[in-house]
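Summary of the model geometry
Residues per chain are reported as follows:
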Amino acid sequence: MEFFRIRRDIPFMKHAVLLNAISAITFIAAVIFLVTRGLNLSVEFTGGTVMEVAYEQPADLAAVRKVVESLGYAEVPVQNFGTSRDVLLRLPIQAGKSSGQQSEVVIAALKAQNPAVELRRTEFVGPQVGRELVEDGLKALGMVIVGIMIYLAMRFEWKYAVSAIIANLHDVVIILGFFAFFQWEFSLAVLAAVLAVLGYSVNESVVIFDRIRESFRRYRKKTTPEIIDYAITSTISRTIITHGSTQIMVLSMLLFGGPTLHYFAMALTIGILFGIYSSVFVAAAIAMWLGIKREDLIKGGGKKEEGDPDDPNAGAMV
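Reading the values: rules and limits
Residues numbered from 1 in each chain as written. Predicted model: local features only at pLDDT ≥ 70, side-chain atom pairs only at ≥ 80, totals over all residues. Heavy atoms only, no water. Helix = DSSP H or I, 4+ residues; strand = E, 2+ residues; numbered from the N terminus. Buried < 20%, exposed > 50% of the residue type's maximum accessible area, 1.4 Å probe, protein only. Contact = heavy atoms within 4.5 Å. Areas by Shrake-Rupley, 256 points an atom, 1.4 Å probe, with all protein chains shown as cover. Axes fitted to C-alpha atoms, helices over the stretch in contact; angles between N-to-C directions. Left-handed = near helix turned anticlockwise from the far one by under 90°. Nonpolar A, V, L, I, M, F, W, Y, C, P; charged D, E, K, R; others polar. Arc of directions from axis to C-beta. pLDDT = per-residue confidence, 0-100. Pairing = 2+ DSSP bridges. Phe/Tyr/Trp six-rings, centres within 6.5 Å; stacked < 30°, edge-to-face > 60°. Lys NZ or Arg CZ within 6 Å of the ring centre and 35° of its normal. Parallel < 35°, antiparallel > 145°, perpendicular 65-115°, else oblique.

1. Quick word on the overall build of the protein
In terms of helices and strands, the protein carries eleven helices and six strands. Relative to its full complement of 318 residues, the protein shows a buried share of 46%. If you take every contact in the protein between residues at least 6 apart in sequence, the share linking residues at least 24 apart comes to 77%. Split by element, the accessible area of the protein, about 16300 Å² in all, is 64% carbon and sulfur.

2. Concerning the packing of helix α6 (residues 158-182) against helix α10 (residues 258-289)
Running from amino to carboxyl end, α6 crosses α10 at an angle of 145°, the nearest separation of the two axes being 8 Å. Regarding α6 and α10, the two cross each other, and that crossing is right-handed. Contacts between α6 and α10 involve S163, A164, I166, A167, H170, D171, I174, I175, F178 and F179 on the former and, on the latter, Y263, A267, I270, G271, F274, G275, Y277, S278, V282, A283, I286 and A287. Residues belonging to the contact of α6 with α10 are distributed by class as follows: 16 nonpolar, five polar and one charged.

3. Digging into helix α3 (residues 61-70)
Buried residues of α3: L61, V64, R65, V67 and V68, and no others. All buried residues of α3 project into a common sector of 160° when viewed along the axis, lining one side. In this structure, α3 carries A62, K66 and S70 as exposed residues pointing more than 90 degrees from its buried face. Where α3 is buried, its residues contact β3 (78-81), β4 (83-92), α4 (99-113) and α10.

4. What about the confidence of the model for the protein?
Counting all residues, the mean pLDDT for the protein is 83, and 90% of those residues have values of 70 or more. Of all helices and strands in the protein, the one with the weakest mean pLDDT is helix α11 (residues 294-297) (70), whereas helix α1 (residues 16-36) scores best (93).

5. Overview of the pairing of strand β2 (residues 48-54)
Where burial is concerned, most of β2 is hidden: seven out of the seven residues are buried. For β2 and β4, the ladder comprises seven bridges, and the chain directions are antiparallel. Bridge pairing in β4 links A54 to D86. Where β2 and strand β5 (residues 118-125) come together, seven bridges link them in antiparallel fashion. When the sheet's bridge partners are listed, E52 is paired in β5 with R121.

6. Here's the deal with the environment of V68
Within the fold, V68 resides in helix α3. On the basis of relative accessible area, V68 is assigned to the buried category, the value being 1%. Distance from V68 to I107, taken between C-alpha atoms, is 9.5 Å for residues 39 residues apart in sequence. Other than its neighbours up to four places away in sequence, V68 contacts Y73, V76, L89 and L91.

7. Considerations on the packing of aromatic side chains
Applying the stated criterion across every chain, the model contains 13 aromatic pairs. Each ring, one from F178 and one from F182, has its centre 6.3 Å from the other, and the planes form 15°; the classification is stacked. Here F182 and F178 lie together in helix α6, a separation of four residues that amounts to about one turn. Each ring, one from F179 and one from W184, has its centre 5.3 Å from the other, and the planes form 85°; the classification is edge-to-face. Among the aromatic residues, those joined into a ring-pair cluster are F33, F178, F179, F181, F182, W184, F186, Y263 and F274. If you follow R37 out to its NZ or CZ, it ends over the ring of F181, 5.8 Å from the centre.

8. Quick word on the packing of α6 against helix α7 (residues 188-218)
In a packed pair of helices, the relevant descriptors are the angle between the two axes and the axis-to-axis distance. Remark: α6 packs on α7, axes separated minimally by 9 Å, with the N-to-C direction vectors making an angle of 150°. With respect to their mutual orientation, α6 and α7 come out roughly antiparallel. You can see that α6 and α7 cross each other, and the crossing is right-handed. Residues Y160, S163, A164, N168, D171, V172, I175 and F179 of α6 lie in contact with α7, whose contacting residues are V190, V194, V197, L198, S201, V202, S205, F209, I212 and F216. Looking at the contact of α6 with α7, its residues break down into 13 nonpolar, four polar and one charged.

9. Looking at the pairing of β4
Where β3 and β4 come together, four bridges link them in antiparallel fashion. Within β4, the position partnered with F81 by the bridge is T83. Here β3 folds back onto β4 in antiparallel fashion, the turn holding one residue, of which G82 has a positive phi close to 85°.

Set out below in structure tokens:
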């Protein structure tokens, strides 16, 4: 399906240096924010108190959140757990207060608002558990990166694998840079969004790389930049439809999903936007600078194929 037919190839690679310079500046800024400000890690990573409370009627999460914030807890995750009457709260560690003291103060405040509220359970998540989650998250990220590189190296060629991983890491670091700059809470849900962006972004790169390989087969007289420009231009319709549909769904979560899904959807939104940018202007450009050529993808590159548009006998094909 091609709703947006473009007749003339757009010279993307002509502006590759400028666009990648902008990308490099954004990347460096994200790294600086990560180093200087750091991530605002959630209770899952830093440790704290997890409380589960139950109401007789469906809980008003906004009212519960307001009560918790009045106790000095800023941006505490408050969400339904199991049913609309069960609520889960994650409280960060407070200096000079034990987990039991924190839960007592919170449940007393909630009972003052609604005497029918009942404390179901309370658990303390220690910093050691948080460190293990950080380590496991980094391991998961590393395994995803290695798996993507192996897949691309087997399907295409090592130059494509290197360029795609650089582009994907570019997306991940920029997402983390946004969270560091604005000090948005970085939770397990956000980590899941980052891992999802890795797979989502590499899919766009694979589509473009596959079209580059196909174009190398068809157009023998075009230069590598011309081939890349053609490949990107010919996939623009697919890019607009696919990413537009995905972004509509993510925006619905961002606007109507409430605080529980807010940062998850925010990470996906940033990842989708920069994923498109990196696949076109980072991955393709780096592959070009690494010296991709027809012989890297096609064996027997000197032989003309049937139906080649540059072959004068191409019209004989049935």
